2 protein chains.
Amino acid sequence: MKRYETFELTFSGPEPEGSQALADIQAKFSCGDETWNVKGFYDGNGTYKVRFLPQKEGHYTWAVSGVVNASGEEDCTVSETAHGMVQAEGTHFVYQDGTKYLPFGTTIYALAHQSEELIEQTLNTLSTAPFNKVRHCIFPKHYDYNHNEPQFYPFEKDADGKWDVHRPCFAYWAHFEKILNRLGEMGIETDLILFHPYDRWGFSKMSMEENKVYLDYALRRLAAIPYIWWSMANEYDLMFHLSENDWFEIEDTIVKNDPYGHLLSNHNCIKFYDFSRPAITHVCVQTIAFYKAAEWMDRYQKPVVYDEFCYEGDIQHEWGNISAFEMTNRFWKACSVGAYATHGETFFSEDEILWWARGGVLKGESPKRIAFLKDLLYSLPSPVEPWNEPRKLEPGQEEEPVNAAENPFIHLFNSVTDENAECIKMKGDNFNGHCGDDAFLKYFSGHQPSISSINLPENASYRIDVIDVWNMTRETLIEKASGYTDMKLPGKEGIAVLAVKITE
Amino acid sequence: MKRYETFELTFSGPEPEGSQALADIQAKFSCGDETWNVKGFYDGNGTYKVRFLPQKEGHYTWAVSGVVNASGEEDCTVSETAHGMVQAEGTHFVYQDGTKYLPFGTTIYALAHQSEELIEQTLNTLSTAPFNKVRHCIFPKHYDYNHNEPQFYPFEKDADGKWDVHRPCFAYWAHFEKILNRLGEMGIETDLILFHPYDRWGFSKMSMEENKVYLDYALRRLAAIPYIWWSMANEYDLMFHLSENDWFEIEDTIVKNDPYGHLLSNHNCIKFYDFSRPAITHVCVQTIAFYKAAEWMDRYQKPVVYDEFCYEGDIQHEWGNISAFEMTNRFWKACSVGAYATHGETFFSEDEILWWARGGVLKGESPKRIAFLKDLLYSLPSPVEPWNEPRKLEPGQEEEPVNAAENPFIHLFNSVTDENAECIKMKGDNFNGHCGDDAFLKYFSGHQPSISSINLPENASYRIDVIDVWNMTRETLIEKASGYTDMKLPGKEGIAVLAVKITE
């Protein structure tokens, strides 16, 4: 048993008499004063398994009960490679062992529902891509460019040809888990989409009772895999037969069946999920409103992930035909204030193999720019926080008051409708971030100043580099700067400046 | 006297005893059953003038009373060149004589407050530029790059050095009117900014009583000039000492003193003016929310003009450093749904002469693209209306219901907060317009589809052209198309398609 690595016990037993999904098998793991109660699962062919994800090192005792009764002891040691689950910490993420994790996601919705050959090609592509999170689905996807039939489905059908959630397709789950684990071993988290509306088989139309049986079984199998984030759905709000309360019930079911507390959120088409709910660990949004990032980080005190904001590509749908520059630009907008972004790619292809849903090879020009950004952010001493750059104060001038009574701008802003406010805020999009007083980042996005300034702390010295996000260059603009500093810039789009503290 | 041309009567009289601005002189013009009451004005040096803008041809009698008493008759004939004022008609504009007018504005805030030489250069530049509307100010401007002192001010100062609104500077007004008329003769409307906050002289801080005296005098002089739109202010909401009711009073003062009904609106920084007010003829907004155009046209049933949405340039301010492509793109976004846009240019210059405030020469790359767009829109048979392109219906399929009870998408949209709604709407920006069934326009803006479609009427034939808005090319894509039509497109940003009905 290794800390943060899936521990698995296997038993033989009689075939379950009732539901194969809800087999009567549970286990208790104890270490010192702490106890974890987990459910086991039936894996077909008279085989039962119990999985456990040890959260700390030490001496464990375990006891399995139900259709199988067994007990034992294990010494759990620290793994040399496992970092644990990714968890939220403030408005950022971090592995459980404290290792830095900055999400740079991509999207391959039906990754697991392709031919073995295509899956291998996808994993091979990912092995050299910058992405460390993949949004993909348990259920197969039906949509434009998604007409192929998967090899397996999560359940077997009953005699009437209806999906029977009580009879899992064991081959499917083994296949799916293998992909999760292979991704995980490559350092890639699975942002696991539990439900979605793009369906021709009926998985999106199951009853709440069926949904809960499915979740129960899925979490018995998957919760002990450290590389998983629960994404309740892709575009949950388009599953029109489910009410808001149904979603809260799904959320509760996940929480109740997850002994470890994986990350949990829910992805919208139109209506944002309620990210203030305590069990929701991060803000997961589909929107292009990057100017909202700092506001949402402040409101929810949780990480903000722009998990969908159009894909690099050239298909007919407006969500799937932005340029490589624009994809890069949107990553920079999010990341420059300390939010995060998720890539996707949809170049038209006669063979219908588009990365966003089916994987294969990456054809776009944004991934290498995303890699450049990722390397840069990983090189910083800490995650980025939004930076409200102070104004230059003339001698004797004081900071603007920040309350509405004294500051007429704030008063004015408070007096407008929400519609009006958004129409104005989107213009004033500053993408400025900082790492304490160690580094300050300004991203000018679609603006192209030839002159600008940065108002750095007076009491330290900084080297200011100018970064061309498209050409992936980083050149020193000013060797040593303090306080308010004028800068001459290239006067083109896609420029950032990064001021890093000089430590002597 | 010519219809739609300023008619002016000049009289000698004693210097006004009290206010020179509110001199006691008025006139009545009658033609058939109709009568117009107008105020005259004192023009200094014992000269009084009465100006009148005849709205129709015919035989007029006039009578002047007050410090001057006189009467006379005039025959008013139709001018060969004058088209009358521009007025709102539905969500578009048109000259009073029915001549087409599609506004393509630019911004030269302090046009009139420059040296004669610079003003001449500006007018010369405008003579070959595509712009037919200029936003500029009565009061001089103080701001970055605006430090020069004007030759004249609208008023004289009193003995205490305070501006005396009762003592107009006649040379200033003659100078200003000359510019208005020269622009007008070039086919360029003046979107006349009556107030603005960027001031070091005190004009922005006058009392409401002073404001009303100033407006009274300004309208006595200017209302008979046909080329004027009243813009109550530039960024009215930053004049913090004026309340909303003060602005309503300013609006009422303008309406009361304008015998002809010039166009009237008000330009915001943060808070949109209330465009539902009956006297407001059009929506004038500063925002980059182009996706709102169709919604606002529908809400207000008035023309929508994006009068400020950042300027082409490279200065330090984010409102003044977008690219030529982006300026062009924003014009296309507005115009493709039948809204309108206003250009401005702010390239850094050591001599502080930036087009947006001071004029001079145009340095940017957008004006020629705006000219291309203007020519194209003028070539269409009518102004553009937003086009809600119908879905392709499969055999037997029916149109989606458009009420919330039956259409879950509409129901969903109605269930979200305004903040949420704006964050979603901005992604779904379709810039589709049509001219009845004569022409259909789709602008893909920052999207780069290589495949797309257009759902044309079944009962007519169309030639489909593909337009590259940056390279200013227009090439026939499909010679003859009807109904739902697939299109192969260049797969780059800045592409439009225009389908024009073939009339045989």
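Helices and strands together make up the secondary structure of chain A, namely 10 helices and 29 strands. Taken over C-alpha atoms, the radius of gyration comes to 25 Å for chain A, in line with the 23 Å a tight globule of 504 residues would show. Split into buried and exposed, the 504 residues of chain A put 61% on the buried side. Partitioning the contacts of chain A with sequence separation of at least 6, the portion at a separation of at least 24 is 70%. Here chain A contributes 45 positively and 76 negatively charged side chains, and the mean placements of these two sets differ by 1 Å.

Rotating chain B by 180 degrees about the axis while translating it 0.0 Å along that axis superimposes it on chain A, leaving an RMSD of 0.0 Å. What the superposition gives is, in effect, a two-fold axis relating one chain to the other. Taking the C-alpha atom as reference, chain B places D418 of chain B closest to the rotation axis, 2.9 Å from it. Looking at the interface residues of chain B, 100% of them are also at the interface in chain A, so both copies use one shared face.

This brings us to the sheet that holds strand β10 (residues 104–107) of chain B. Residues and elements named next belong to chain B. Pairing is parallel across the open sheet formed by 8 strands, whose spatial order is β16-β15-β14-β11-β10-β20-β18-β17. Strands with a single pairing partner mark the edges of an open sheet, and in this sheet they are β16 (264–265) and β17 (283–286). Lying on the sheet, helix α5 (residues 293–300) is in contact with β17 and β18 (304–308); it crosses β18 at an angle near 125 degrees.

Residues and elements named next belong to chain B. Within the fold, G360 resides in the loop between α7 (355–358) and α8 (366–379). Residue G360 is classed as buried on the basis of its relative accessible area, which comes to 1%. Once the C-alpha coordinates of G360 and W201 are considered, the two residues, 159 residues apart in sequence, prove to be 24 Å apart. Setting aside residues no more than four positions away along its own chain, G360 makes contact with L118, Q121, T122, T125, I353 and W355.

Frequently, the measure chosen for interface size is the accessible area removed from exposure when the parts meet. On the side of chain A, 55 residues touch chain B, which itself brings 55 residues to the contact. For the pair chain B and chain A, the summed buried surface comes to about 4,700 Å²; carbon and sulfur atoms form 63% of the total. Summed over the three residues of chain B that lose the most area to chain A, namely I270, E419 and K427 of chain B, the buried surface amounts to 16% of that side. Applying the counting rule to chain B against chain A returns 4 salt bridges. Between R299 of chain B and E419 of chain A there is a salt bridge, with its nearest N and O atoms 2.7 Å apart. Our enumeration of links across chain B and chain A arrives at 28 residue pairs in polar contact (both at pLDDT 80 or more).

Attention now goes to the packing of aromatic side chains. Within this structure, the stated rule accounts for 102 aromatic pairs over all chains. Look at F104 of chain A and F331 of chain A: their rings are 6.1 Å apart centre to centre, the planes differ by 10 degrees, and that puts the pair in the stacked class. With a gap of 227 residues between them, F104 of chain A in strand β10 (residues 104–107) and F331 of chain A in helix α6 (residues 324–335) connect regions that are remote in the sequence. Both residues of the pair, F104 of chain A and F331 of chain A, count as buried. Aromatic ring contacts, followed pair by pair, group F139, Y153, F155, W163, F195, W201, F203, Y214, Y236, W247, F248 and Y273 of chain A into a single cluster. The ring of Y143 of chain B carries the charged tip of K141 of chain B above its face, separated from the ring centre by 5.2 Å. Here R369 of chain B stacks its cationic end above the ring of W470 of chain B, 3.5 Å away from the centre of that ring.

With that settled, the discussion passes to the pairing of strand β17 (residues 283–286) of chain A. Residue and element names in this part refer to chain A. Going residue by residue along β17, you find V283 and V285 tucked away on one face and C284 and Q286 tucked away on the opposite face as well. Here 4 bridges tie β17 to strand β18 (residues 304–308), and the two strands are oriented parallel to one another. Looking at the pairing, C284 lines up with V305 of β18. In terms of handedness, the path from β17 via helix α5 (residues 293–300) over to β18 forms a crossover that is right-handed.

All names here are of chain A. Note that S336 resides in the loop between α6 and β20 (340–342). Engagement of the side chain of S336 in a polar contact is seen with the backbone oxygen of W332, the distance being 2.7 Å. Residue contacts for S336: discarding those within four places in its chain leaves V384, F431, N432, G433, L441 and Y443.

All right, on to the pattern of salt bridges then. Counted by the stated rule, this structure contains 64 salt bridges over all chains. E177 of chain B serves as the salt-bridge partner of R51 of chain B, at 2.9 Å between the closest nitrogen and oxygen. Of this pair, R51 of chain B sits in strand β5 (residues 47–52) while E177 of chain B sits in helix α2 (residues 170–185), and the two are 126 residues apart along the sequence. Accessibility expressed as a relative area gives 8% for R51 of chain B, which makes it buried. We note a salt bridge from R369 of chain B to E365 of chain B, for which the minimum N-O separation is 3.3 Å. Connected through shared salt-bridge partners, E8, D43, K49, R51, E177 and R221 of chain A make up one network.

Residue and element names in this part refer to chain B. Contact geometry of α2 with helix α3 (residues 208–222) gives a least axis separation of 11 Å together with a crossing angle of 50 degrees. In terms of orientation, α2 lies oblique with respect to α3. In this structure, α2 meets α3 at a crossing whose hand is right-handed. Contacts from F170, W173, A174, E177 and L180 of α2 reach α3 at Y214, Y217, A218, R221 and L222. Residues that form the contact of α2 with α3 fall into these classes: 8 nonpolar, no polar and 2 charged.

Our focus in this paragraph is helix α4 (residues 244–257) of chain A. Residues and elements named next belong to chain A. With 14 residues, α4 extends 20 Å between its outermost C-alpha atoms, agreeing within 8% with the 20 Å of an ideal straight helix rising 1.5 Å per residue. Listed in full, the buried residues belonging to α4 are D246, W247, F248, I250, E251, T253, I254 and N257. In the core, the buried residues of α4 are packed alongside β3 (34–39), β14 (189–195), α3 (208–222), β15 (228–233) and β16 (264–265).

All names here are of chain B. The strand order β22-β23-β24-β29-β26-β27 describes an open sheet built from 6 strands, whose pairing is antiparallel. Because the sheet does not close on itself, it has two edges, and the strands there are β22 (385–386) and β27 (473–481). In terms of strand pairing, β22 meets strand β23 (residues 431–435) through 2 bridges, oriented antiparallel. Along β23, the bridge assignment pairs P386 with G433. In the packing of helix α6 (residues 324–335) onto the sheet, the strands contacted are β23, β24 (439–443), β26 (462–468) and β29 (495–501), and the crossing angle to β24 comes to about 140 degrees.

The next thing to look at is the nonpolar core. In terms of nonpolar packing, the biggest core is built from 285 residues, with F29 and Y214 of chain A together with F29 and Y214 of chain B touching the most fellow members. Once you skip the residues sitting within four places of it in the chain, F29 of chain B turns out to touch M1, F7, L9, E34, T35, W36, V38, V50, F52, Y60, T61 and W62 of chain B.

Let's shift gears to the pairing of β5 of chain B. Residues and elements named next belong to chain B. The buried fraction of β5 is high, at 6 of 6 residues. Side chains of β5 alternate between two faces, with T47, K49 and R51 and Y48, V50 and F52 buried alike. As defined by bridge partners, strand β1 (residues 7–12) adjoins β5 across 6 bridges and the pair is classed as antiparallel. Bridge pairing in β5 links F7 to F52.

Residue and element names in this part refer to chain A. Mapped onto the elements, F195 comes out in strand β14. Along the chain, F195 and Y236 lie 41 residues apart, while their C-alpha atoms are 7.3 Å from each other. Once residues within four sequence positions are removed from consideration, F195 is found in contact with F139, N211, Y214, L215, M232, A233, N234, M239, W247 and I250.

The rules behind these values
Sequence order as written defines residue numbering, which begins from 1 separately in each chain. Whichever chain is written first is A, and whichever ligand is written first is 1; the rest continue in order. Since the coordinates come from a predicted model, pLDDT governs what is reported: local features require at least 70, and pairs of side-chain atoms require 80 or more to be given and counted, while whole-chain, interface and lining totals use all residues. Side-chain numbers here rest on the full set of heavy atoms in the structure, without hydrogens or water. The helix count covers DSSP runs of H or I at least four residues long, the strand count covers runs of E at least two residues long, and both are numbered beginning at the N terminus. Here the radius of gyration uses the C-alpha set of atoms, whereas the globule reference equals 2.2 Å times the residue count to the power 0.38. Relative accessible area decides the class of each residue, using a 1.4 Å probe on protein chains only: under 20% of the type maximum gives buried, over 50% gives exposed, and in between gives partly exposed. Should any heavy atoms of two residues lie within 4.5 Å, those residues are counted as being in contact. None of His or the chain ends enter the tally, which takes Lys and Arg as positive and Asp and Glu as negative. Just so you know, the charge point we use is NZ for Lys, CZ for Arg, CG for Asp and CD for Glu. Superposition of the copies was done by least squares, using only C-alpha atoms of residues whose pLDDT is at least 70 in both. The pairing criterion for strands is at least two bridges between them, as found by DSSP. With axes taken as lines fitted to C-alpha atoms, and helix axes fitted only over the stretch in contact, angles between N-to-C directions fall between 0 and 180 degrees. Each of two parts loses accessible area, computed with a 1.4 Å probe, when they are put together; buried area is these two losses added. We define a salt bridge as a contact between a side-chain nitrogen of Lys or Arg and a carboxyl oxygen of Asp or Glu at a distance within 4 Å. Here a polar contact is recorded for every N or O atom pair within 3.5 Å, except that within protein the pair must consist of a potential hydrogen donor and a potential acceptor, and residues adjacent in sequence are included only if both atoms are side-chain atoms. A pair of aromatic rings is counted whenever rings of Phe, Tyr or Trp (Trp by its six-membered ring) have centres within 6.5 Å, and the orientation is called stacked for planes under 30 degrees apart, edge-to-face for over 60 and tilted otherwise. Definition used: whenever NZ (Lys) or CZ (Arg) falls within 6 Å of the ring centre and also within 35 degrees of the ring normal, the charge is taken to sit over that ring. Here the term right-handed applies to a crossover when the path leading from its first strand over the helix to its second strand runs clockwise, the strands being oriented away from the viewer. What sets the label is the angle itself: under 35 degrees gives roughly parallel, over 145 gives roughly antiparallel, 65 to 115 gives roughly perpendicular, and the rest give oblique. Here a crossing is taken to be left-handed if its near helix is turned anticlockwise relative to the far helix by less than a right angle, and right-handed if that turn runs clockwise. Polar here means any residue outside two lists: the nonpolar Ala, Val, Leu, Ile, Met, Phe, Trp, Tyr, Cys and Pro, and the charged Asp, Glu, Lys and Arg; Gly therefore counts as polar. Every helix has an expected span of 1.5 Å times one less than the residues it contains. Residues belong to a common nonpolar core when they are buried Ala, Val, Leu, Ile, Met, Phe, Trp, Tyr or Cys residues joined through side-chain atoms within 4.5 Å.

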